[in-house]
Amino acid sequence: MWIILGLVLGIVVGHTAPSFAVKIKPLADAFLRMISSLVTPLIFSTLVVGIAAHGDDLVTVGRLAVKALIYFEIVSTLAILLGLLMVNAVKPGRGTHIQPNDNVPATNGTITWDGELFKIIPKSFFQAAADGEVLQIVFCALMFAIGLCRVPSRPVRQVMISFLHSLSETMFKVTGLVMNYAPIGIGCSIAATVGKNGLKVLISLGKLVGTLYGTLAIFIIVVLIPVMLIAKIPIKLFFKTVWQPFLLAFTTASSESALPKAMENLEQQMGIPKKIVGFVIPTGYSFNLDGTSLYLSLAAIFCAQATNTHLPVGKQIVLMLTLMLTSKGVAAIPRASFVVLAAALGNFDIPSDALSLILGVDAFMDMARTGVNVMGNCLAAC
C-alpha cells in the first residue's frame with residue numbers, strides 16, 4: 001500500500017511540479033543502486049546452492065536446465081510472434097511519416113557471433129559482477145556449481161554450500177532493509193519520468209503505447225494463463241504471489257528490483273522448492289524475457305512503419321530470429337532493451353530517426369514490458 005501511495009504521489013508531483021520532480025531523480029537512482037548491489041551475491045549464491053543441492057546427481061541438474069531452456073525459448077518465441085502479428089495488424093507507425101535525416105549517424109550495433117559469445121563468457125567474474133552482467137554471472141555460477149558437485153570430499157563441498165546458503169539467506173534480509181526505501185524510490189522515479197516527459201507525450205504517442213499494453217495483456221491471456229491451466233497452477237494464488245514483485249518491476253522499470261521479492265514469495269507463498277527457484281529465476285532473468293521480446297518485435301516494425309521502410313515477410317522472419325538471439329542476456333536495468341532495438345535497426349537498414357520518437361515514451365513502455373518479464377519468469381519457476 002505504501003508503494004501504491006508513492007506511485008500516486010509521484011504522478012501528482014511530476015504533473016504539477018515537473019522541474020522539482022526532475023531534480024529528485026537521484027533519490028530514485030539511489031534505490032536502483034541499492035538493489036543492483038544485491039543482485040550479484042544473491043544470484044551467485046542462490047544459483048550455486050540450487051544446483052549443488054542435487055549433490056552428485058548432475059543428470060537431474062541437466063534435466064532441469066534443459067526443461068527450463070526449452071520452456072524459455074518456446075514462450076519468448078510466442079511473444080515475438082505475437083508482437084509481429086499485432087504491430088502488422090494495428091500499424092501504429094502508419095501516418096507518422098518521419099523523414100530520415102542523412103545527418104543522423106547510423107546505429108552502431110553490428111551483431112556478430114563472437115560478440116554474442118562474449119556476452120556469456122566474461123574476462124573476469126569480478127568485472128562481470130561490477131558491470132552487473134547477469135548472463136555472465138549466471139555462467140560463472142553454473143561453472144562453479146558443477147565444479148563444486150565434482151569435488152570428491154563431501155565435507156569440503158558442504159563447507160562451501162553452507163557458506164553460500166548463509167550468504168543467500170543474509171542477502172534476503174538485507175533486501176528487506178532496502179525495500180523499506182522502495183515507496184520513496186518508486187515515487188521519485190515516477191515523478192521524474194512524468195516531470196521530464198509530461199502526460200502529453202504519452203497521449204501523443206498513445207497508439208504505440210496502447211498497442212504494446214494491449215498486446216502484453218493479450219499475451220498474458222492467450223499464453224501465460226493457458227500455461228497455468230495446463231500446469232494446474234492456482235491462478236488466483238499465482239497472481240497474489242507475483243503482485244508485489246510485478247508492482248516493483250513496473251514502477252521502477254527494473255527487473256532487478258523485483259528479483260529478491262519474487263524468489264522469496266515463490267518459496268514462501270507458492271511452496272516452490274528452493275533448488276528450483278534458485279536455478280530457474282536467475283537463469284530466466286537472462287533467457288526468459290517475454291515482455292522485452294514482444295516489445296522488440298513490435299517496436300522494430302513500428303520504426304519501419306514510421307519511416308516508410310518496407311519490410312517483406314521474409315525479412316520480418318529473419319528479424320524475429322535475430323531478436324530471439326539478441327534478446328537473451330539483456331541487462332535487467334531500465335532502458336537496456338532500447339540498446340538492443342538500436343542494434344536491430346542498424347542490421348536491417350531501418351532509419352534510426354524513429355528512435356528519438358520512441359525514446360519519449362520508452363519509460364512508460366519499459367514499465368509494462370519489465371512487469372511482464374517478472375510475471376513470466378515467476379510462471380516459469382512454477
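Values in this document were obtained by computation on a predicted structure and should not be read as measured data.

### Overview of the overall build of the protein
Link 1 in the chain: Secondary structure assignment for the protein yields 18 helices and 0 strands.
Link 2 in the chain: Expressed as a percentage of the 382 residues in the protein, the buried residues total 53%.
Link 3 in the chain: Accessible area for the protein stands at about 17100 Å²; split by element, carbon and sulfur atoms hold 68% of it.

### A look at the packing of helix α8 (residues 154–179) against helix α12 (residues 255–268)
Link 1 in the chain: Remark: α8 packs on α12, axes separated minimally by 10 Å, with the N-to-C direction vectors making an angle of 125 degrees. As summarised for this structure, α8 and α12 are arranged oblique, according to the angle between their axes. The two elements α8 and α12 cross, and the hand of that crossing is left-handed. Contacts from Phe 172, Thr 175 and Met 179 of α8 reach α12 at Ser 257, Pro 260, Met 263 and Glu 264.

### Considering α12
Link 1 in the chain: Across its 14 residues, α12 extends 20 Å between first and last C-alpha, which sits within 8% of the 20 Å expected from 1.5 Å per residue.
Link 2 in the chain: In the structure, α12 departs most strongly from a straight axis at Lys 261, where the bend amounts to approximately 30 degrees.
Link 3 in the chain: Buried residues of α12: Ser 255, Glu 256, Ser 257, Ala 258, Leu 259, Pro 260, Lys 261, Ala 262, Met 263, Asn 265 and Leu 266, and no others.

### Looking at the packing of aromatic side chains
Link 1 in the chain: Overall, the coordinates contain 7 aromatic pairs when judged by the stated rule.
Link 2 in the chain: These aromatic residues form a ring-pair network of at least three members: Phe 44, Phe 125, Phe 126 and Phe 144.
Link 3 in the chain: Across from the ring centre of Tyr 295, 3.7 Å away, lies the NZ or CZ of Arg 369, which sits over that ring.

### What about α8?
Link 1 in the chain: In a regular helix each residue adds 1.5 Å, so 26 residues correspond to 38 Å; α8 covers 37 Å between its end C-alpha atoms and thus fits that length.
Link 2 in the chain: Looking only at α8, the buried set comprises Arg 157, Ile 161, Leu 164, Ser 168, Met 171, Phe 172, Thr 175, Val 178 and Met 179.

### A word on the UniProt feature "transmembrane region" (unreviewed entry) in the protein
Link 1 in the chain: UniProt annotation of "transmembrane region" (unreviewed entry) refers to residues 31–52, 64–87, 134–153, 174–192 and 212–231 when read in the numbering used here.
Link 2 in the chain: Annotation note: span residues 31–52, helix share 100%, strand share 0%, distance between end C-alpha atoms 32 Å.
Link 3 in the chain: Annotated as residues 212–231, this span is 95% helix and 0% strand, and its ends, taken at the C-alpha atoms, are 27 Å apart.

### So, the confidence of the model for the protein
Link 1 in the chain: Per-chain confidence: the protein averages 80 in pLDDT, with 82% of residues scoring 70 or above.
Link 2 in the chain: Counted against residues more than four places away or in other chains, residues 102–109, with its pLDDT under 50, gives 10 contacts.

### What to know about empty space enclosed by the protein
Link 1 in the chain: Per the counting criterion, the structure on display carries 2 cavities of 30 Å³ or more.
Link 2 in the chain: Size it by volume and the second largest cavity reaches roughly 30 Å³.
Link 3 in the chain: Lining the second largest cavity, in full, are Ser 255, Gly 284, Tyr 285, Asn 288, Leu 289, Asn 373, Val 374 and Asn 377.
Link 4 in the chain: Where the lining of the second largest cavity is concerned, the elements lending two or more residues are α13 (274–287) and α18 (362–381).
Link 5 in the chain: Top element by residues in the lining of the second largest cavity is α18. It accounts for 3 residues.
Link 6 in the chain: Looking at the lining of the second largest cavity residue by residue, the class counts come to 3 nonpolar, 5 polar and no charged.

### Looking at the side chain of Asn 265
Link 1 in the chain: With respect to the helices and strands, the residue Asn 265 is situated in helix α12.
Link 2 in the chain: Overall, the relative accessible area of 4% leaves Asn 265 in the buried class.
Link 3 in the chain: In contact with Asn 265, not counting residues within four places along its chain, are Thr 241, Gln 244, Pro 245 and Met 270.

### A short note on the environment of Asn 377
Link 1 in the chain: On the secondary structure map, Asn 377 appears in helix α18.
Link 2 in the chain: For the pair formed by Asn 377 and Gly 284, sequence separation is 93 residues and the distance between their alpha carbons is 5.8 Å.
Link 3 in the chain: Sequence-distant contacts of Asn 377, defined by excluding residues within four places in its chain, comprise Val 280, Ile 281, Gly 284, Tyr 285 and Asn 288.

### Points about the pattern of salt bridges
Pairing is possible between side chains that carry opposite charge, provided their charged atoms lie close to one another.
Link 1 in the chain: The full count for this structure, using the stated rule, is 5 salt bridges.
Link 2 in the chain: Here Lys 25 and Asp 29 are joined by a salt bridge, their closest N and O atoms 2.8 Å apart. Of the two residues, Lys 25 and Asp 29 are both situated in helix α3 (residues 25–52); the distance of 4 residues between them amounts to about one turn of the helix.
Link 3 in the chain: Across the salt bridge formed by Arg 369 and Asp 366, the nearest N and O atoms sit 3.1 Å from each other. On the criterion of helical spacing, the pair formed by Arg 369 and Asp 366 is a turn pair, its members being 3 residues apart in helix α18. Taken as a pair, Arg 369 and Asp 366 share a single burial class, namely buried.

Reading the values: rules and limits
Residues numbered from 1 in each chain as written. Predicted model: local features only at pLDDT ≥ 70, side-chain atom pairs only at ≥ 80, totals over all residues. Heavy atoms only, no water. Helix = DSSP H or I, 4+ residues; strand = E, 2+ residues; numbered from the N terminus. Buried < 20%, exposed > 50% of the residue type's maximum accessible area, 1.4 Å probe, protein only. Areas by Shrake-Rupley, 256 points an atom, 1.4 Å probe, with all protein chains shown as cover. Axes fitted to C-alpha atoms, helices over the stretch in contact; angles between N-to-C directions. Parallel < 35°, antiparallel > 145°, perpendicular 65-115°, else oblique. Left-handed = near helix turned anticlockwise from the far one by under 90°. Contact = heavy atoms within 4.5 Å. Expected span 1.5 Å × (residues − 1). Bend = angle between axes of the 7 residues up to and from the residue. Phe/Tyr/Trp six-rings, centres within 6.5 Å; stacked < 30°, edge-to-face > 60°. Lys NZ or Arg CZ within 6 Å of the ring centre and 35° of its normal. UniProt positions renumbered as here; feature names shortened; annotations may be inferred. pLDDT = per-residue confidence, 0-100. 1 Å grid on protein atoms, 1.4 Å probe; cavity = no way out; pocket = protein on both sides within 12 Å on 5 of 7 lines; lining within 4 Å. Points joined across faces, edges and corners; volume = space filled by probe spheres on them. Nonpolar A, V, L, I, M, F, W, Y, C, P; charged D, E, K, R; others polar. Salt bridge = Lys/Arg side-chain N within 4 Å of Asp/Glu carboxyl O.

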